[in-house]
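Listed here are the chains, written in short residue letters.
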Amino acid sequence: MENKDYMKLVYDFYNELLVNKFTLVYEGEITHQVTKAFASLTETKMDSYSENTSIKKKVFHVLIECLQNLSKHANDNSPGLKAGFSGNGIFIVGRLGNEDKDYQILTGNMVENMKIPELKALLEEINHLDKNGLKELFKKQIREGSLSEKGGASLGLIDVARKTGEKLEYNFIDIDDQNSFFILRTKITRN
Amino acid sequence: MKKVEIKGTDDTPNIILDAGSSILEFSGRSLPEDVVTFYEPLIKWVEQYAKSPNKKTEVIFRLDYFNTASSKILLDILLIFEDIHKNGNEVMVHWYFEKDDEDMGEAGEEYSEIVDIPFKIHSY
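All of the points below concern the structure found in this document. As the structure is a prediction and not an experimental result, all values here were calculated from the model.

## A word on the sheet that holds strand β2 (residues 14-18) of chain B
Residue and element names in this part refer to chain B.
- Strands sit in the order β1-β2-β3-β4-β5-β6 across an open sheet of six strands; the sheet is mixed. Each of the sheet's edge strands pairs with one partner strand only, and the pair in question is β1 (4-6) and β6 (119-123). Each neighbouring strand pair of the sheet contributes to a mean axis angle of 15 degrees, computed without reference to strand direction.
- Pairing of β1 with β2, which is carried by three bridges, proceeds in the antiparallel orientation. Pairing of I6 across the sheet is with I15, part of β2.
- Seen against the sheet, helix α2 (residues 68-86) touches β3 (23-30), β4 (56-66), β5 (90-97) and β6 and runs at an angle of roughly 170 degrees to β4.

Written as structure tokens, this is what we have:
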């Protein structure tokens, strides 16, 4: 590629971020340090315009749970995953809605196709429950789930749905016979 | 039993486990990188305490934030106190939350529904 193409690419990329109101974009390995750094960065930013405590806590909470879901995948050394893919994820924080006062958090990561049915079933279960149903599911999961298996991801997704009061939007994009790209979108709105 | 005092960090809570004063306290933030390893010695302490608890124990939670992995561990800790209570000892849990933080208040209510221990929820 010619140099000038890169020049244009950077400008286009910059514009894409502005148009979509993406305020934080990261692609790469998600570790505990990265998670803490983003949490603190986002917190400081929200403090700078005196975001209200309830929204601030919700954004912080959802951000951490989403990043920890990704970092769990980053630790996944399943033989089915191609080297270099399992550690990578994309993480985006953006503004939304009326006067851009709401937030969205988007994540994307590779998942093995064999894990999709279980993940999809959980996401669908969550999306079909109301506030009380989610509370009951959380209570059931926290009592019965074990930390090494269910303690992480399934509590996290239920919790995100509860804290935001929004449905979890998701998609699985086919990559090949083994893997798909999983995208999760959560919104934090002032409802 | 030896008093345990752990100073909190940006991802781990302040913890005081003091059999002498019968007050056990957890405050601050809990999102350790490895929840199990962080809480293991503390759970061991509480399990040991449960073998010969004081007649009266106060457990104080004053947390600003905890992740879902920590929420599971907190339940494990509360379940040990439930046993202490079931064995005829007085246990009182005080759950403090910042008044704007309804989610933290709700979390306290939920724990009080799951475990059978006297629970007082306070906003500040």
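## Digging into the interface of chain A and chain B
- Taken together, the contacts link 27 residues of chain A with 27 residues of chain B.
- Overall, the association of chain A and chain B removes approximately 2300 Å² of surface from exposure, summing both partners, and the carbon and sulfur fraction of that is 53%.
- On inspection of chain A and its partner chain B, the count reaches ten salt bridges.
- Taking the shortest distance from any N to any O, the salt bridge between A:K36 and B:D11 comes out at 3.2 Å.
- Our enumeration of links across chain A and chain B arrives at 14 residue pairs in polar contact (both at pLDDT 80 or more).
- Residue assignment for the side of chain A that touches chain B shows that the elements contributing at least two residues are α2 (32-48), α3 (53-74), α5 (131-144), α6 (147-151) and α7 (153-164) of chain A.
- Broken down by element, the residue count for the side of chain A that touches chain B peaks at nine residues, all from α3(A).
- Within the side of chain A that touches chain B, the residues separate by chemical class into six nonpolar, nine polar and twelve charged.

## Considering the packing of aromatic side chains
- Using the criterion set out here, one finds twelve aromatic pairs over all chains in the structure.
- Taken together, a centroid distance of 5.0 Å and an interplanar angle of 20 degrees make the contact between A:F172 and A:F182 stacked. Of this pair, A:F172 sits in strand β4 (residues 169-174) while A:F182 sits in strand β5 (residues 179-188), and the two are ten residues apart along the sequence. Note on accessibility: A:F172 and A:F182 belong to one class, buried.
- A centroid spacing of 6.4 Å and a plane angle of 40 degrees characterise the contact between B:F66 and B:Y111, whose relative ring orientation is tilted. Placement of the pair is B:F66 in strand β4 and B:Y111 in helix α3 (residues 102-114), with a sequence separation of 45 residues. For the pair B:F66 and B:Y111, one class covers both residues: buried.
- Connected via pairs of aromatic rings, a cluster forms that spans B:F26, B:F61, B:F66, B:W95 and B:Y111.
- Over the face of the ring belonging to A:Y103 we find A:R95, whose NZ or CZ atom lies 4.1 Å from the ring centre.

## Quick look at unusual backbone geometry
All names here are of chain A.
- Phi at S50 takes a positive value of approximately 50 degrees, unusual for a residue other than glycine.
- In this structure, S50 sits in the loop between α2 and α3.
- For S50, a relative accessible area of 65% translates into the label exposed.
- Notably, D100 is not glycine yet its phi reads approximately 55 degrees, a positive angle.
- Here D100 is to be found in the loop between β2 (88-96) and β3 (102-112).
- The partly exposed category is assigned to D100, whose relative accessible area is 28%.

## Section: the pattern of salt bridges
- Going through the model one piece at a time under the given rule, you end up with 26 salt bridges over all chains.
- Measuring nitrogen to oxygen at the nearest pair gives 3.4 Å for the salt bridge that ties A:D100 to A:K21. Of this pair, A:D100 sits in the loop between β2 and β3 while A:K21 sits in the loop between α1 (3-19) and β1 (22-29), and the two are 79 residues apart along the sequence.
- A relative accessible area of 35% places A:K21 in the partly exposed class.
- A salt bridge links B:D10 to A:K36, with the shortest nitrogen-to-oxygen separation between them at 3.2 Å.

## A closer look at the environment of A:R190
All names here are of chain A.
- Inspection of the secondary structure puts R190 in the segment after β5.
- Separated by 136 residues in the primary sequence, R190 and S54 place their C-alpha atoms 9.5 Å from one another.
- Here R190 is in contact with E51, N52, I55, R95, K101, D102 and Y103, once residues within four sequence places are set aside.

## Things to note about the pairing of β4(B)
All names here are of chain B.
- Strand direction decides the pairing type here: β3 and β4, joined by eight bridges, are parallel. Across the sheet, F26 pairs through a bridge with F61, a residue of β4.
- On the question of chirality, the crossover connecting β3 to the parallel β4 by way of helix α1 (residues 35-51) is right-handed.
- Both β4 and β5 contribute to a ladder of six bridges, which runs parallel. Within the sheet, the bridge partner assigned to T57 lies in β5 and is V91.
- Running through α2, the crossover from β4 to the neighbouring parallel element β5 is right-handed.

Reading the values: rules and limits
- Residues numbered from 1 in each chain as written.
- Chains lettered and ligands numbered in written order.
- Predicted model: local features only at pLDDT ≥ 70, side-chain atom pairs only at ≥ 80, totals over all residues.
- Heavy atoms only, no water.
- Pairing = 2+ DSSP bridges.
- Helix = DSSP H or I, 4+ residues; strand = E, 2+ residues; numbered from the N terminus.
- Axes fitted to C-alpha atoms, helices over the stretch in contact; angles between N-to-C directions.
- Contact = heavy atoms within 4.5 Å.
- Buried area = accessible area lost by both parts, 1.4 Å probe.
- Salt bridge = Lys/Arg side-chain N within 4 Å of Asp/Glu carboxyl O.
- Polar contact = N/O pair within 3.5 Å; in protein donor to acceptor, adjacent residues only side chain to side chain.
- Nonpolar A, V, L, I, M, F, W, Y, C, P; charged D, E, K, R; others polar.
- Phe/Tyr/Trp six-rings, centres within 6.5 Å; stacked < 30°, edge-to-face > 60°.
- Buried < 20%, exposed > 50% of the residue type's maximum accessible area, 1.4 Å probe, protein only.
- Lys NZ or Arg CZ within 6 Å of the ring centre and 35° of its normal.
- Right-handed = clockwise from strand over helix to strand, strands pointing away.

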